[in-house]
There are 2 protein chains.
Amino acid sequence: MKTNLCELLNIKYPILQGAMARISESSLVISVSEAGGLGILAGGNAPKDYIVNEIRKIKKGTDKPFAVNIMLLSPFCDDIVDAICEEGVPIVTTGAGDPSKYMNKFKENDIIVIPVVPSVAIAKRMERLGVDAIIAEGMEAGGHIGKTTTLPLIPQIVDAVSIPVIAAGGIGDGRGAFAMFALGAVGVQIGTRFLVSTECIIHQNYKDKILKSSDISTVTTGAITGHPVRGLKNKLTKDYEIIERKEFAKEVPCFDELEKITLGALERAVSGDVITGTLMAGQIAGMINKEQSSKEIIDDIVVEFENTKKRLGV
Amino acid sequence: MKTNLCELLNIKYPILQGAMARISESSLVISVSEAGGLGILAGGNAPKDYIVNEIRKIKKGTDKPFAVNIMLLSPFCDDIVDAICEEGVPIVTTGAGDPSKYMNKFKENDIIVIPVVPSVAIAKRMERLGVDAIIAEGMEAGGHIGKTTTLPLIPQIVDAVSIPVIAAGGIGDGRGAFAMFALGAVGVQIGTRFLVSTECIIHQNYKDKILKSSDISTVTTGAITGHPVRGLKNKLTKDYEIIERKEFAKEVPCFDELEKITLGALERAVSGDVITGTLMAGQIAGMINKEQSSKEIIDDIVVEFENTKKRLGV
């Protein structure tokens, strides 16, 4: 499963663990990096103190490379970039915006920069900006998404840029990883499957919802706000859809009501409230049916990848 | 590129040409079947006379296998099934519904039946019904679509059924075909790329719109009607979205206005009206940048498939 991405990031397998706000913290990151993938700490909307503390825990827990994801809409972005530089984090992924503002600082500190992109135009812009690789993410992914799906997105981006392309969205096993390599990707980012890692800190209720879900268990909400999110269907997503429809009716979106029901919803999900929490998950959730350690997950993916290779060689 | 699907359908390559109403007629079907793929005549809403006439043209143009797609919402379904049996059509694909009603008749006439399905549950139901294979189609496809994307859909369906699975939606070249084989599919159905086949009868304006499109050129309209459709963005889709929003406002959808602007829209597109016509196309449209004969398209896909295999070291 080795590709040039392994050398670039100094990792054993080109498998990145997707950054999930309030979920991908030190415990999950350490377990993935120790297993030979790239663990990624989610910056989310967390303040600097939290990030510094988590980075130090990670460094204590593993001497392997890891990354921090910067959510560029965070009010603490500047602080988090400082923390990343001060703590000597080797790799950064970015989401929800344009990292131009920080590029000089990253490069001065020899930090590898990998933005998550949803389209060819943004991928090309990022390449011109001098990033080291990109994560091209399809809209079957969990959490905040774009509009194009992974299968048509990857080859179009691979044809448009010369830097390494990592595929994300809809990948849950070694078959999916091999498929992405066929499209020209040299790595994969996997989120949903790591939600059920034994080292992932989300409540068992949330994990159980993933384990029981089917191919049609997710829904996209929030298109009206310009920031659509994919998660498992539950009372929250139903309520959201009703309010969204009412907002259309007024033709003046009343975001207050939406904000009210989603405030703290991620925290509630992580704590086990599967009724009114935001259970972010991708469409591949239906394929995920056992809780395993991050090491078992990664080893499984590598074995399935090799088996797929053998199967197709016959 | 040979798989068990080739034997089942008696074709050289496991490449099916997607059935596109008013577009996939005898000219395109003959060219694809002659090139070693499976040409598929789109039944659409056409009456029996038209279908019989087209089937006879196809039989005159090729002695290779071909299929007819039955759109199960057509008012002429019963007649078309009769025509298929009377004319000795070897293979049928079905869309937009449940073909149970006709299964006995198909089986009495030794017709191979392959429904298009959007989810695991429907795939399993079709297998129980005794169909020969299924086409699992993701929502990045052009035309009428479901909700799940191809990449997570295929492995979940492959794991759920024992009959051959053909992947559709988002596939435009040999890399995509190989990726689908990695997921466990044994064939691919390709629509959008055949829109620009020299043997495809759509107006050059429509072809030019495909050739100039990007990864973000398509949009889904009609979710409000329960029958979402993917096509290239144009004045029609913008107008549709405005009316759709107004309908939400009233909370009583006024479908009349939508029907008015979409009436005859497919015919207009085929005739070259790219402003107010429905330019059905999938998200892979952005990757398609040259007009070729169906034979060139299929030969290209096969070469790319083999090159992908070599690149991956299989």
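Every chain begins its residue count from 1, and numbering advances along the sequence as written. Think of it this way: whatever chain is written first is A, whatever ligand is written first is 1, and the rest follow in order. Reporting in this predicted model follows two pLDDT cut-offs: at least 70 for local features of residues, and 80 or more for side-chain atom pairs to be given and counted; totals over whole chains, interfaces and linings ignore these cut-offs and use all residues. Hydrogens and waters are ignored; side-chain quantities use all the structure's heavy atoms.

**Structural notes on the overall build of chain A**
Move 1: Of regular secondary structure, chain A possesses 14 helices and eleven strands.
Move 2: A globule of 314 residues ought to have a C-alpha radius of gyration of about 20 Å, and chain A, at 19 Å, matches this closely.
Move 3: Dimensions of chain A, computed from the C-alpha atoms along their principal axes, are close to 55 × 50 × 40 Å.
Move 4: Accessible area is worked out with a 1.4 Å probe on protein chains only. A residue is then buried under 20% of its type maximum, exposed over 50%, and partly exposed in between. Here chain A holds 314 residues, and 59% of them are scored as buried.
Move 5: The long-range share in chain A, meaning contacts at least 24 apart out of those at least 6 apart in sequence, stands at 61%.
Move 6: Here the accessible surface of atoms and residues is derived via Shrake-Rupley with a 1.4 Å probe, and residues count as covered only by protein chains that are part of the display. When the accessible surface of chain A is split by element, carbon and sulfur atoms take 52% of a total near 12,200 Å².
Move 7: Measuring between centres, the 35 positive side-chain charges of chain A sit 3 Å from its 39 negative side-chain charges. Going along the chain from the N terminus, every DSSP run of H or I of four or more residues is numbered as a helix, and every run of E of two or more is numbered as a strand. Note that the radius of gyration is over C-alpha atoms, with the globule rule given as 2.2 Å times the number of residues to the power 0.38. Residue contacts are defined here by distance: any two heavy atoms, one from each residue, within 4.5 Å place the two residues in contact. The charge count treats Lys and Arg as positive and Asp and Glu as negative. His and the chain ends do not count. Note on charges: their place is set at NZ of Lys, CZ of Arg, CG of Asp or CD of Glu.

**A short note on the packing of helix 4 (residues 77-86) of chain B against helix 5 (residues 100-108) of chain B**
Residues and elements named next belong to chain B.
Move 1: Each axis is a line fitted through C-alpha atoms, taken for helices only over the stretch in contact, and angles between the N-to-C directions span 0 to 180 degrees. Running from amino to carboxyl end, helix 4 crosses helix 5 at an angle of 15°, the nearest separation of the two axes being 11 Å. The orientation of helix 4 relative to helix 5 falls into the category roughly parallel. The handedness of the crossing between helix 4 and helix 5 comes out as right-handed. Counted together, Cys-77, Asp-78, Val-81, Asp-82 and Cys-85 of helix 4 and Lys-101, Tyr-102, Lys-105 and Phe-106 of helix 5 form the full contact between these two elements.
Move 2: Broken down by class, the residue content of the contact of helix 4 with helix 5 amounts to five nonpolar, no polar and four charged. Each angle receives one of four descriptions, namely roughly parallel if under 35 degrees, roughly antiparallel if over 145, roughly perpendicular if within 65 to 115, and oblique otherwise. It is the rotation of the near helix from the far one that decides the hand of a crossing: anticlockwise by less than a right angle makes it left-handed, clockwise makes it right-handed. For this scheme, ten residues count as nonpolar: Ala, Val, Leu, Ile, Met, Phe, Trp, Tyr, Cys and Pro. Four count as charged, namely Asp, Glu, Lys and Arg, and the remainder, Gly too, count as polar.

**So, the pattern of salt bridges**
Residue and element names in this part refer to chain A.
Move 1: We define a salt bridge as a side-chain nitrogen of Lys or Arg found within 4 Å of a carboxyl oxygen belonging to Asp or Glu. If you walk through the whole model with that rule in mind, you get 36 salt bridges over all chains.
Move 2: Residue Asp-299 pairs with Lys-295 through a salt bridge whose shortest N-O separation is 2.8 Å. Residue Asp-299 and its partner Lys-295 are both found in helix 14 (residues 294-313); the two are separated by four residues, about one turn of the helix.
Move 3: On the accessibility criterion, Asp-299 (28% relative accessible area) is partly exposed.
Move 4: Here the salt bridges do not stand alone but share partners, grouping Arg-56, Lys-59 and Glu-87 into one network.

**Brief notes about the relation of the copies chain B and chain A**
Move 1: Least-squares superposition aligns the copies on the C-alpha atoms of those residues with pLDDT at or above 70 in both. Relative to chain A, chain B is turned by 180° and slid 0.0 Å along the rotation axis, the superposed coordinates differing by an RMSD of 0.0 Å. Here the two chains are linked by the operation of a two-fold rotation axis. Judged by C-alpha distance, Val314(B) is the residue of chain B that lies nearest the rotation axis, at 0.8 Å.
Move 2: A high fraction, 98%, of the interface residues of chain B reappear at the interface in chain A, so the copies pair face to face through one surface.

**Focus on the interface of chain B and chain A**
Move 1: In this complex, chain B contributes 45 residues to the contact, which on the side of chain A involves 44 residues.
Move 2: Along the contact surface separating chain B from chain A lie two salt bridges.
Move 3: The partner of Arg175(A) in a salt bridge is Asp159(B), with the nearest N and O atoms 2.9 Å apart.
Move 4: Any pair of N or O atoms that falls within 3.5 Å is considered a polar contact. Within protein, one atom must be able to donate a hydrogen and the other to accept it, and sequence-neighbouring residues count only if both atoms are side-chain atoms. Seen at the junction of chain B and chain A, the total is 20 residue pairs in polar contact (both at pLDDT 80 or more).
Move 5: Counting residues per element, the ones that place at least two in the side of chain B that touches chain A are helix 7 (150-160), helix 8 (174-182), helix 11 (235-250) and helix 14 (294-311) of chain B.
Move 6: With eight residues, helix 7 of chain B is the single largest residue contributor to the side of chain B that touches chain A.
Move 7: By residue class, the composition of the side of chain B that touches chain A is 21 nonpolar, 14 polar and ten charged.

**A few points about the side chain of Thr278(B)**
All names here are of chain B.
Move 1: Position of Thr-278 among the secondary structure elements: in the loop between helix 13 (265-270) and helix 14.
Move 2: Thr-278 sits in the buried class, given a relative accessible area of 17%.
Move 3: Look past the residues within four positions of Thr-278 in its chain and what remains in contact with it is Tyr-206, Leu-236, Ala-265, Leu-266 and Ala-269.

**A closer look at the packing of helix 6 (residues 120-129) of chain B against helix 7 of chain B**
All names here are of chain B.
Move 1: The N-to-C vectors of helix 6 and helix 7 enclose an angle of 35°; their axes lie 9 Å apart at closest approach. At the point where helix 6 passes helix 7, the crossing takes the right-handed sense. Within the contact between the two elements, helix 6 uses Val-120, Ala-123, Lys-124 and Glu-127 and helix 7 uses Gln-156, Ile-157 and Ala-160.
Move 2: Residues belonging to the contact of helix 6 with helix 7 are distributed by class as follows: four nonpolar, one polar and two charged.

**Overview of the sheet that holds strand 10 (residues 218-221) of chain A**
Residue and element names in this part refer to chain A.
Move 1: Strand pairing is defined by DSSP finding a minimum of two bridges between the two strands. If you walk across this open sheet you meet the three strands as 7-11-10, and the pairing is antiparallel. Both edges of this open sheet fall to strand 7 (143-144) and strand 10, since each of them pairs with a single strand only.
Move 2: Of the pairings in the sheet, the one linking strand 7 to strand 11 (residues 229-232) comprises two bridges and is antiparallel in character. Across the sheet, the residue bridging to His-144 is Val-229, located in strand 11.

**Some thoughts on the pairing of strand 2 (residues 39-42) of chain A**
Residues and elements named next belong to chain A.
Move 1: Residues Gly-39 and Leu-41 point to one face of strand 2 and Ile-40 and Ala-42 to the other, with burial holding for every one of them.
Move 2: Sheet analysis places strand 2 next to strand 3 (residues 66-71), joined by four bridges and oriented parallel. The residue of strand 3 that forms the bridge with Leu-41 is Val-68.
Move 3: Handedness of a crossover: with both strands directed away from the viewer, a clockwise path from the first strand across the helix to the second marks it as right-handed. In this fold, the crossover linking strand 2 to strand 3 by way of helix 3 (residues 48-61) has right-handed handedness.

**Description of the packing of aromatic side chains**
Where two aromatic rings form a pair, the distance of their centres and the angle of their planes describe that pair.
Move 1: When the centres of two rings from Phe, Tyr and Trp lie within 6.5 Å, Trp using its six-membered ring, the rings pair. Their planes under 30 degrees apart give stacked, over 60 give edge-to-face, and anything left gives tilted. A full pass over the atoms with the stated rule returns seven aromatic pairs over all chains.
Move 2: Centre to centre, the rings of Phe178(A) and Phe178(B) are 6.2 Å apart; their planes meet at 45°, and the pair counts as tilted. Here Phe178(A), found in helix 8 (residues 174-182), pairs with Phe178(B), found in helix 8, and the two come from separate chains.
Move 3: On the accessibility criterion, Phe178(A) (1% relative accessible area) is buried.
Move 4: Ring geometry for Phe181(B) against Phe305(B): centres 5.1 Å apart, planes inclined by 70°, an arrangement best described as edge-to-face. On the criterion of sequence distance, the pair formed by Phe181(B) in helix 8 and Phe305(B) in helix 14 is long-range, its members being 124 residues apart.

**Overview of the sheet that holds strand 4 (residues 91-95) of chain B**
Residues and elements named next belong to chain B.
Move 1: The sheet built from eight strands is open, its strands ordered 1-9-8-6-5-4-3-2 with parallel pairing. Only two strands of the sheet have a single partner each, and these edge strands are strand 1 (15-17) and strand 2 (39-42). Going from strand to strand, the sheet's axes swing by 25° on average, the running direction of each strand aside.
Move 2: Bridge count between strand 3 (residues 66-71) and strand 4: five bridges; the pairing is parallel. Note that in strand 4 the partner of Ile-70 across the bridge is Thr-94.

**Some points on helix 7 of chain B**
Given 3.6 residues per helical turn, the α-helix brings residues three or four places apart onto the same face.
Move 1: Of all eleven residues in helix 7 of chain B, eight are buried, a share of seventy percent or more.
Move 2: Buried within helix 7 of chain B are the following residues: Thr150(B), Leu151(B), Pro152(B), Leu153(B), Ile154(B), Pro155(B), Gln156(B) and Ile157(B).

**Thoughts on the pairing of strand 8 (residues 165-168) of chain A**
All names here are of chain A.
Move 1: On strand 8, burial covers both faces: Val-165 and Ala-167 on one face and Ile-166 and Ala-168 on the other are all buried.
Move 2: Across four bridges, strand 6 (residues 134-137) lies against strand 8 in parallel orientation. Across the sheet, residue Ala-136 finds its bridge partner in strand 8, namely Ala-167.
Move 3: Bridge count between strand 8 and strand 9 (residues 187-190): three bridges; the pairing is parallel. The residue bridging Ala-167 from the neighbouring strand is Val-188, located in strand 9.
Move 4: With helix 8 bridging strand 8 and its parallel neighbour strand 9, the resulting β-α-β unit is right-handed.

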